[in-house]
Amino acid sequence: MTRTGGCRCGAIRYTLSAEPLATRLCWCRDCQYWALGNAAVNIMVPRATVAVAGTPRHYDSVADSGNAMRRSFCGDCGTHLFSESSGNLLNMVVRVGTLDDAGGIAPTVVIWTASAPAWAHIDPTLQAFPGQPG
Ligand SMILES: [Zn+2]
Ligand SMILES: [Zn+2]
């Protein structure tokens with residue numbers, strides 16, 4: 001199944017030609033910036049199956065693991081779209097909120113629960129990890 005998505009203003013568009021490998025909620029401190037205080041909802045997809053139209057801006061940083069992280073966002077509307085890690089060259093992360101239709105996608109895993117705020121509801125039916133899963 002092919003899925004499409006893009007940023008809020010439409011300057012960046014993408015097509016995914018494979019179903020997600022995983023869908024995760026992420027409570028890491030970085031995601032709390034970009035999900036505006038909440039957990040981010042992310043899908044992991046094979047990089048080779050993502051086609052991007054438009055030119056995202058990038059924010060590069062180093063994760064606690066030492067991996068180089070690259071986050072991509074629209075320079076016009078600020079929507080965060082992708083994140084890529086030097087520790088996983090085969091796959092990349094797409095922010096679920098940017099899909100045109102996220103039907104059928106639901107998280108099965110929640111990660112970085114140790115950095116979630118005290119009020120966060122951690123769904124007990126999801127597989128949970130206090131930090132980055134091995
Ligand atoms: Zn935009
Ligand atoms: Zn995160």
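Throughout what follows, the structure given in this document is the object of discussion. Treat the numbers as computed from the prediction; the structure is a model and nothing was measured.

1. Digging into the coordination of the zinc ion (ligand 2)
And then number 1: Around the zinc ion (ligand 2), the donor atoms from the protein are Cys26 (SG), Cys28 (SG) and Cys31 (SG), and they sit 2.1 to 2.3 Å away.
And then number 2: Expressed as a motif, the donor residue spacing for the zinc ion (ligand 2) is C-x1-C-x2-C. You'll find Cys26 and Cys31 in the same group, each marked buried.

2. Focus on the layout of surface pockets
And then number 1: As a volume, the largest pocket reaches approximately 750 Å³.
And then number 2: Met69, Arg71, Ser85, Trp112 and Gln132 are, among the 30 residues lining the largest pocket, the residues nearest its centre.
And then number 3: Listed by contribution, the elements that provide at least two residues to the lining of the largest pocket are β3 (22-26), α1 (29-34), β4 (40-46), β6 (57-62), β7 (68-73), β8 (80-85) and β9 (88-95).
And then number 4: A total of 5 residues in the lining of the largest pocket trace back to one element, the largest contributor, which is β9.
And then number 5: Here the residues of the lining of the largest pocket sort into 13 nonpolar, 10 polar and 7 charged.
And then number 6: Trp34, His80, Arg95, Gly97 and Thr98 are the residues nearest the centre of the second largest pocket, which is lined by 15 residues in total.
And then number 7: Split by residue class, the lining of the second largest pocket holds 7 nonpolar, 6 polar and 2 charged.

3. Observations regarding the sheet that holds strand β5 (residues 50-53)
And then number 1: Ordered by their spatial adjacency, 3 strands build an open sheet running β1-β2-β5, and the pairing between neighbours is antiparallel. The sheet is open, and its two edges are formed by β1 (3-6) and β5, each paired on a single side. Pairwise comparison of adjacent strand axes, ignoring direction, gives a mean angle of 20° for this sheet.
And then number 2: Of the pairings in the sheet, the one linking β1 to strand β2 (residues 13-16) comprises 4 bridges and is antiparallel in character. Of the residues in β2, the one forming a bridge with Gly5 is Tyr14.

Reading the values: rules and limits
Residues numbered from 1 in each chain as written. Chains lettered and ligands numbered in written order. Predicted model: local features only at pLDDT ≥ 70, side-chain atom pairs only at ≥ 80, totals over all residues. Heavy atoms only, no water. Donors = N, O, S within 2.8 Å, 3.2 Å for Na, K, Ca; no water. Buried < 20%, exposed > 50% of the residue type's maximum accessible area, 1.4 Å probe, protein only. 1 Å grid on protein atoms, 1.4 Å probe; cavity = no way out; pocket = protein on both sides within 12 Å on 5 of 7 lines; lining within 4 Å. Points joined across faces, edges and corners; volume = space filled by probe spheres on them. Helix = DSSP H or I, 4+ residues; strand = E, 2+ residues; numbered from the N terminus. Nonpolar A, V, L, I, M, F, W, Y, C, P; charged D, E, K, R; others polar. Pairing = 2+ DSSP bridges. Axes fitted to C-alpha atoms, helices over the stretch in contact; angles between N-to-C directions.

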